[in-house]
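Architecture and fold: a report
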Amino acid sequence: MADTNCIIELSPTIEAYVYSKAVVNVVYSSRGEGKTVGSIAALFAHAKRNGKPIRAAIVRDTHENLKLSTARSIQDVLPVSMYKFKNDYKELYLYSDPPITCDLFGIDDPASLSKLQGPEFSLIWLEEPAPMSDKANAGLSEDVFNAALIACARQRNTIPRLQISMNPADQGHWTYKRFFENTFIDPENPLIDLAVFSVPYGENKFLPGVARQ
């Protein structure tokens, strides 16, 4: 994927996820298959699809995990000339064409849901909604997903996109029921379509062999 001074190489499944025209897009795989890189690329693809500046939100379980993981991935993938973090990694500006303004925040209590109720977004990225077994990631609640589904369509005259990148969830987690047991989000709202992308193990040829082993 080429954008200005940035080239991001994508595997076939990740590329399909990046350019999907569905409203809700879910990508899942084991670690190292390019989910986060693809989700970064999708920000640029979505801005180009809209043909105008967009507002986006990147949401994790805690702001600290966002700083330690997601923000670092952005710094690793993009040249420094293409991004700028502000306000303790709570704001991100991407110097793309068209440009992208992002709010970054963790939602670690119900009161934090108010962060999704004010700004107008065209894209929201929920990262790792399913909790990790070691509790390093507490995950995101279904209420966060429901709020994001509304908020991603609030920027006027833009196409909405809600994207979720995640490791496989167990069958008791809400993501399993919403994304893997159904082929739709809500039968009464057929325009809110769902696309789920499973990245086959080993598809990411850009991961070094030592890292994979």
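This structure is a prediction, so every number in the text was calculated from the model and none was measured. (Residues numbered from 1 in each chain as written. Predicted model: local features only at pLDDT ≥ 70, side-chain atom pairs only at ≥ 80, totals over all residues. Heavy atoms only, no water.)

**Points about the packing of aromatic side chains**
- In this structure the tally under the stated criterion is 10 aromatic pairs.
- With 4.8 Å between their ring centres and 45° between their planes, Phe85 and Tyr89 make a pair best called tilted.
- Classification of Phe85 by relative accessible area gives buried; the value is 16%.
- Judged by its relative accessible area of 29%, Tyr89 is partly exposed.
- Connected via pairs of aromatic rings, a cluster forms that spans Tyr28, Phe145, Trp174, Tyr176, Phe179 and Phe180.
- Arg161 extends its terminal NZ or CZ atom over the ring of Tyr17, reaching a point 5.1 Å from the ring centre. (Phe/Tyr/Trp six-rings, centres within 6.5 Å; stacked < 30°, edge-to-face > 60°. Buried < 20%, exposed > 50% of the residue type's maximum accessible area, 1.4 Å probe, protein only. Lys NZ or Arg CZ within 6 Å of the ring centre and 35° of its normal.)

**Considerations on unusual backbone geometry**
- Across the junction of Asp97 and Pro98, the peptide omega takes the value 5°, indicating a cis bond.
- Unlike most non-glycine residues, Asn87 shows phi in positive territory, near 55°.
- Assignment of secondary structure puts Asn87 in the loop between strand E5 (83-86) and strand E6 (91-94).
- Take Asn87: its relative accessible area is 48%, and that puts it in the partly exposed class.
- Unlike most non-glycine residues, Asn157 shows phi in positive territory, near 60°.
- As for its position among the elements, Asn157 is in the loop between helix H4 (142-151) and strand E9 (161-166). (Helix = DSSP H or I, 4+ residues; strand = E, 2+ residues; numbered from the N terminus.)

**Notes on the sheet that holds strand E10 (residues 194-198)**
- Pairing within the open sheet is mixed, and its eight strands lie in the order E5-E6-E7-E4-E8-E9-E3-E10. Edge positions in the sheet fall to E5 and E10, since each has one partner strand and no second. Sheet twist, expressed as the mean angle between neighbouring strand axes with direction ignored, is 15°.
- Pairing of E5 with E6 involves four bridges; the strand directions are antiparallel. Looking across to E6, one finds that Lys84 is bridged to Tyr93. (Pairing = 2+ DSSP bridges. Axes fitted to C-alpha atoms, helices over the stretch in contact; angles between N-to-C directions.)

**A few points about the confidence of the model for the protein chain**
- Mean pLDDT over the protein chain: 87, with 88% of residues reaching 70 or higher.
- In this model residues 1-6 is a low-confidence stretch, pLDDT under 50, and it forms 23 contacts with partners more than four residues away in sequence or in other chains. (pLDDT = per-residue confidence, 0-100. Contact = heavy atoms within 4.5 Å.)

**Some points on the environment of Phe145**
- Within the secondary structure, Phe145 sits in helix H4.
- Note on Phe145: relative accessible area 0%, which makes it buried.
- Measuring from C-alpha to C-alpha, the distance between Phe145 and Trp174 comes to 9.9 Å, with 29 residues separating the pair along the chain.
- If we ignore the near neighbours within four places in the chain, the residues touching Phe145 are Val24, Leu126, Leu162, Ile164, Trp174, Arg178, Phe179 and Ile185.

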